[in-house]
Amino acid sequence: MQANRGVTLILLSLMTRLGSPKPVLTLQPNWPLFFTGETVTLSCLGWPDIRTGFTWSKFELNSWTLKHTSHENTYTISSVTVAHGGAYRCADSSSHSDDVRLTVSNKPQPVLTAPPHRQLYAGESVSLSCEVTGTSAGWKYYWYKGTGPHDIAHIARTAKGLYTLSAAALTHTGEYSCRAGRGDPVWYTEYSCPAYIQVIAPPKATLTVQPKWRPLYPGDTVTLMCWVDPYGNWTYFWYKNQPQTAIFFTKEYAVTITGAAGSDRGPYWCEGRLEGRNVTSQPSDSITLTVGRLVFGLGAAPLLLASIILCVKWCRKPVLPFPRTASLQYGQPDGQFLIDQSILQIGSERLLSIKSMR
């Protein structure tokens, strides 16, 4: 208050030296736009009249209407309405000031802007913006989380209309709103419309293999497929043996290994990274590829010899008047060799067919 009085005395001294008889009218705060319910002070800088002091007038119905008289140089409207808007001037002992326009608008509702992707993954950052349309003078911004008058909590105040969740967590899920305030005591706007933000855990990748049989054998072809959230634009990273470094990455969800070899053995897993956002999926469970060797073991030789002897015995038997078949199977416990043979005799012709061997 003492500082303002000092400034006033200095300006009055300058006016006296410059010989300026005209008072100066200013608005405090010096905002271009006021809203209903705010407080505005009209200050008149000049020499007060001995009898009337200062007077303030408003231009109404094509004439100037007296609104206030005081020996103090201020006229305060504690709760302005739209009807208070208009042109004002003040007068001192010698003259009147230039006109000053007071513009008053209805109490505004700020606009809350949220990102287009309202569903976030844990760890992401998101920024909300709050704007009072028409003016930005003097505002501070107040941020709230919750719904309804009894479930809303003030969470932050910012000098600018921006609120950032730098590392979103699951507990940040909810409705957010804002309002702006200025002045002392603080005058608040209406609440904005709410914006719902959902925070979920990153999805887990799923790794599958086609064909599903194992083991592979040299030269086989196998396809690995990595599935994440189908609605995201994912890049797929593929890992083998060492979890720290990806062996390669692809935009396609499937990779094919052709001509399998022993070097392709080992555990494989994958993860997805969302393009344009700092999101990595949870890694898939691993799948181990085994590449066997084609083995025709020596233990299979007696079985082959027995099959030949049986074939010779069958061939020496008399011709039957109708077709007759016989089926013999031999196998090893370790599964390395199996013969399934059928002998067909029609008239004097004997045919031996080996159906499968492994």
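Conventions and cut-offs
- Residues numbered from 1 in each chain as written.
- Predicted model: local features only at pLDDT ≥ 70, side-chain atom pairs only at ≥ 80, totals over all residues.
- Heavy atoms only, no water.
- Disulfide = S-S within 2.5 Å.
- Helix = DSSP H or I, 4+ residues; strand = E, 2+ residues; numbered from the N terminus.
- Buried < 20%, exposed > 50% of the residue type's maximum accessible area, 1.4 Å probe, protein only.
- Salt bridge = Lys/Arg side-chain N within 4 Å of Asp/Glu carboxyl O.
- Pairing = 2+ DSSP bridges.
- Axes fitted to C-alpha atoms, helices over the stretch in contact; angles between N-to-C directions.

Draft legend 1. Region of interest: the state of the cysteines. Considering all chains together, one arrives at three disulfides under this definition. Between Cys-44 and Cys-90 runs a disulfide, and the two sulfur atoms are separated by 2.1 Å. The S-S bond linking Cys-44 to Cys-90 shows a torsion near 75°; that makes this disulfide right-handed. One end of the pair, Cys-44, is in strand S3 (residues 40-45); the other, Cys-90, is in strand S7 (residues 86-91), with 46 residues separating them in the sequence. Taking relative accessible area as the criterion, Cys-90 reaches 1% and is therefore assigned buried.

Draft legend 2. Geometry of the pattern of salt bridges. All told, the structure shown has eight salt bridges when counted by the stated rule. With a shortest N-O distance of 3.0 Å, Lys-204 and Asp-285 are connected by a salt bridge. One end of the pair, Lys-204, is in the loop between strand S18 (195-200) and strand S19 (206-210); the other, Asp-285, is in the loop between strand S25 (279-280) and strand S26 (287-289), and 81 residues separate them in sequence. Accessibility expressed as a relative area gives 42% for Lys-204, which makes it partly exposed. Across the salt bridge formed by Glu-271 and Arg-273, the nearest N and O atoms sit 3.2 Å from each other. On the accessibility criterion, Glu-271 (11% relative accessible area) is buried. Taking the relative accessible area as the measure of exposure, Arg-273 reaches 32% and is therefore partly exposed. Via salt bridges that share partners, Lys-58, Glu-60 and Lys-67 belong to a single interconnected network.

Draft legend 3. Summary view of the sheet that holds strand S12 (residues 126-131). Taking strand neighbours across the sheet as the criterion, the three strands line up as S10-S12-S15 in an open arrangement whose pairing is antiparallel. The sheet is open, and its two borders are formed by strand S10 (111-113) and strand S15 (162-165), each paired with just one other strand. With direction set aside, neighbouring strand axes in the sheet form an average angle of 15°. Of the strand pairs in this sheet, S10 and S12 are connected by three bridges, and their pairing is antiparallel. Paired with Thr-113 across the two strands is Ser-129, which belongs to S12.

Draft legend 4. A look at the sheet that holds strand S23 (residues 254-257). In space, the three strands of this open sheet follow the order S19-S20-S23, with antiparallel pairing throughout. On the outer flanks of this sheet lie S19 and S23, each paired with one strand and no other. For this sheet, the mean angle separating the axes of adjacent strands, direction not counted, is 20°. With five bridges connecting them, S19 and strand S20 (residues 222-227) associate as antiparallel partners. When the bridges of S20 are listed, Gln-210 appears paired with Thr-223.

Draft legend 5. Summary view of unusual backbone geometry. In the segment running from Asp-184 into Pro-185, the intervening peptide bond is cis, with an omega of 5°. With a phi close to 50°, Leu-61 is a non-glycine residue in the positive phi region. For Asn-62, which is not a glycine, the phi torsion comes out positive at approximately 65°. Examined against the element boundaries, Asn-62 turns out to sit in the loop between strand S4 (54-60) and strand S5 (63-70). With relative accessibility at 72%, the residue Asn-62 sits in the exposed group.

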